[in-house]
Structures are given as C-alpha cells and as structure tokens.
Amino acid sequence: MSEFFDTTLPGTLSQYNIVLDFQPKFSDARDNEFIRFPLELRYGLTDRWELFGGLMPFLPNPVNSGRDHRWGLGEGQLGVRHDLGHVSLFYDAITLAFAVRSPFGRPPVEINDHYTHLTPSISASRPLPWPHTTLFTQFTYDREVSGALSAPPPPEVIRRNLLEIAPGVLYKPGELGAFFDYTFRHFSEDAGSHLGHEFKIGPIWDVPLARTSKWGLPGKWQVELAYRYTTEEGVSRDQGVTARVHWRTSLREILDQSK
C-alpha cells in the first residue's frame with residue numbers, strides 16, 4: 001500500500017515498472033454536481049526515481065444538477081518523485097516530489113481554480129514501537145501561478161498559496177487497517193493569511209489479490225472510508241463521511257485480462 005486518501009507514503013516504483021492508478025471520489029455524488037475520476041500513470045525510471053502524470057476527468061452527477069452538472073478533462077498533472085532511501089534522521093524513509101497541475105478549459109473550481117499549481121512535497125515515515133504501526137508525515141507547499149493556457153479565473157476565486165503539514169498514524173496488521181491524521185494548513189492571500197485544520201479517521205481494506213482474482217478484477221484494490229472534519233478560519237466548517245476506492249494495476253495485467 002503506497003497511498004490512501006490525500007496521503008502518499010514514502011517510496012517509488014522499481015525500475016521500468018508502469019502502474020495505472022484509478023481513484024474515483026464517491027463523496028462527489030453527495031457533495032457536488034459532478035463526479036471526478038482521477039487517473040494517474042506512474043513509471044519507475046530507476047529504483048529511486050519515478051515519473052508520473054495524470055488527468056482528472058469529471059462527469060455529470062446523476063443525482064445533483066446545477067451549473068457544474070457537466071463533463072470535461074478537469075486538469076492535467078506531471079511530476080517526479082525521488083526516494084532518498086534509508087536515512088538516519090528521525091524519519092527512516094523520505095521521498096521528495098515535485099508536481100505541476102494545470103486546468104483544461106474551465107473546470108469546476110473544486111477541481112481546479114483556473115491557476116497552475118506548482119507543488120513540492122516531502123513524504124516521510126518511521127515505524128512506531130507497537131507492531132504494524134507507522135508514523136507518517138507529509139509536508140506540502142502549493143503555489144498558484146497564472147498559466148499561459150488557463151482561462152481567467154471566476155471573479156469569486158482568490159489566488160492563494162498553501163502550506164500543509166500532515167502527521168498521522170497508520171495501523172495495518174493485515175488486509176484490514178485503520179488510520180488517523182491531522183492536517184495543519186496555512187493559507188496566504190493578497191489580503192492576508194489565515195489557518196485551517198482537518199482531521200480524518202477511518203478504516204482501510206487492502207483487498208487480497210486472491211479475492212479480486214476470483215471476482216475477475218485485475219490489479220490491486222483498496223477501499224477507504226473516513227470521517228472528516230475540516231475548518232478554515234473565517235471561511236467554512238464542514239464534516240461528513242467520505243469513501244474512496246483505489247485501483248492500481250499494470251498494463252501487463254490489463255492485457256492478460258483481455259486475452
């Protein structure tokens with residue numbers, strides 16, 4: 001397991017491996033007029049360098065209507081990860097990453113606010129004294145710039161830069177596991193700055209390959225469920241249950257399944 005919800009654990013693909021990630025966001029069916037279907041292709045350039053790119057297409061939500069009840073490509077992403085390997089710091093696994101995200105056309109602002117995002121990040125982890133328990137932390141800085149191909153942002157959109165620090169604990173003794181994480185956010189805007197906070201807790205089902213093979217489903221499947229509480233000073237407060245299915249497969253598995 002390399003990631004869940006918005007957390008990416010340290011590590012990269014081994015050399016020459018190609019993996020397709022698919023993570024539909026089912027909470028969109030409850031909250032939005034569209035449903036996102038993020039796709040990401042990852043390639044192991046070496047055992048410690050990984051290239052990745054993806055799209056976030058969206059389709060109309062069949063149970064909600066409105067101005068964003070439509071379809072489109074959403075946004076594109078390109079990036080690179082570098083695994084530092086074992087390090088003798090507080091964390092014993094650290095991976096550096098840099099990604100560029102840019103909108104296609106005029107997607108809903110929840111997908112992309114019509115700015116290009118430049119995002120360096122650090123993922124780090126270390127085992128805790130208790131069995132099957134890992135401490136992880138993700139450091140992310142998201143800077144927004146005007147893109148040459150981007151449409152002008154809607155008047156209600158405010159350009160902001162975001163710093164996130166997200167520590168958490170993962171407990172995974174087997175196919176069933178659980179996690180808790182807290183995200184601290186610092187929003188920087190032209191008019192000033194403010195803070196935000198998010199808490200998530202929930203179970204993870206890392207579906208065994210033997211089970212999905214019986215169902216005729218290629219690749220590795222992961223089911224995630226969480227209670228999430230989010231607040232942003234002076235702006236919003238929200239809470240609810242969110243679910244996500246994470247499907248990771250290789251091109252070889254897809255071709256073998258189609259024979």
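Residues numbered from 1 in each chain as written. Predicted model: local features only at pLDDT ≥ 70, side-chain atom pairs only at ≥ 80, totals over all residues. Heavy atoms only, no water.

Observations regarding the nonpolar core
Counting 8 residues, the largest nonpolar core is built from Phe-4, Phe-5, Leu-9, Phe-136, Leu-170, Phe-179, Ile-204 and Ala-226. Listed in part, the 5 residues of the second largest apolar core include Tyr-91, Ile-94, Ala-124 and Leu-135. (Core = buried A, V, L, I, M, F, W, Y, C linked by side-chain atoms within 4.5 Å. Buried < 20%, exposed > 50% of the residue type's maximum accessible area, 1.4 Å probe, protein only.)

Examining the pattern of salt bridges
Taken as a whole and assessed by the stated rule, the structure comprises 17 salt bridges. A salt bridge links Arg-30 to Asp-31, with the nearest nitrogen and oxygen atoms 2.6 Å apart. With relative accessibility at 45%, the residue Arg-30 sits in the partly exposed group. Residue class for Asp-31 comes out partly exposed when judged on its relative accessible area of 45%. Asp-142 is the salt-bridge partner of Arg-101, the closest N and O atoms lying 3.6 Å from each other. (Salt bridge = Lys/Arg side-chain N within 4 Å of Asp/Glu carboxyl O.)

Digging into the pairing of strand 10 (residues 116-127)
Of the pairings in the sheet, the one linking strand 9 (residues 93-103) to strand 10 comprises 9 bridges and is antiparallel in character. If you follow Val-100 over to strand 10, its bridge partner there is Leu-118. Bridge count for strand 10 against strand 11 (residues 133-145) is 10 bridges, and the pairing is antiparallel. Across the sheet, Ser-121 pairs through a bridge with Thr-140, a residue of strand 11. Two successive antiparallel strands, strand 10 and strand 11, enclose a turn made up of 5 residues, where His-132 displays a positive phi of approximately 65 degrees. (Pairing = 2+ DSSP bridges. Helix = DSSP H or I, 4+ residues; strand = E, 2+ residues; numbered from the N terminus.)

A short note on the pairing of strand 13 (residues 176-189)
Burial along strand 13 is one-sided: the residues Gly-177, Phe-179, Asp-181, Thr-183, Arg-185, Phe-187 and Glu-189 are buried and none of Leu-176, Ala-178, Phe-180, Tyr-182, Phe-184, His-186 and Ser-188 is. Both strand 12 (residues 160-171) and strand 13 contribute to a ladder of 10 bridges, which runs antiparallel. For Glu-164, the partnering residue across the bridge sits in strand 13 and is Arg-185. Between strand 12 and strand 13, which pair antiparallel and follow one another directly, the connecting turn spans 4 residues.

So, the packing of aromatic side chains
Under the definition given, this model contains 9 aromatic pairs. Ring geometry for Phe-4 against Phe-136: centres 5.6 Å apart, planes inclined by 85 degrees, an arrangement best described as edge-to-face. Here Phe-4 is found in strand 1 (residues 3-4), whereas its partner Phe-136 is found in strand 11, with 132 residues between them in sequence. Their ring planes at 70 degrees and their centres at 5.9 Å tell us that Phe-34 and Phe-58 sit as a pair that is edge-to-face. Of this pair, Phe-34 sits in strand 4 (residues 34-36) while Phe-58 sits in strand 7 (residues 58-60), and the two are 24 residues apart along the sequence. Three or more aromatic residues joined by ring pairs make a cluster, and in this case those are Phe-4, Phe-5, Phe-136 and Phe-179. (Phe/Tyr/Trp six-rings, centres within 6.5 Å; stacked < 30°, edge-to-face > 60°.)

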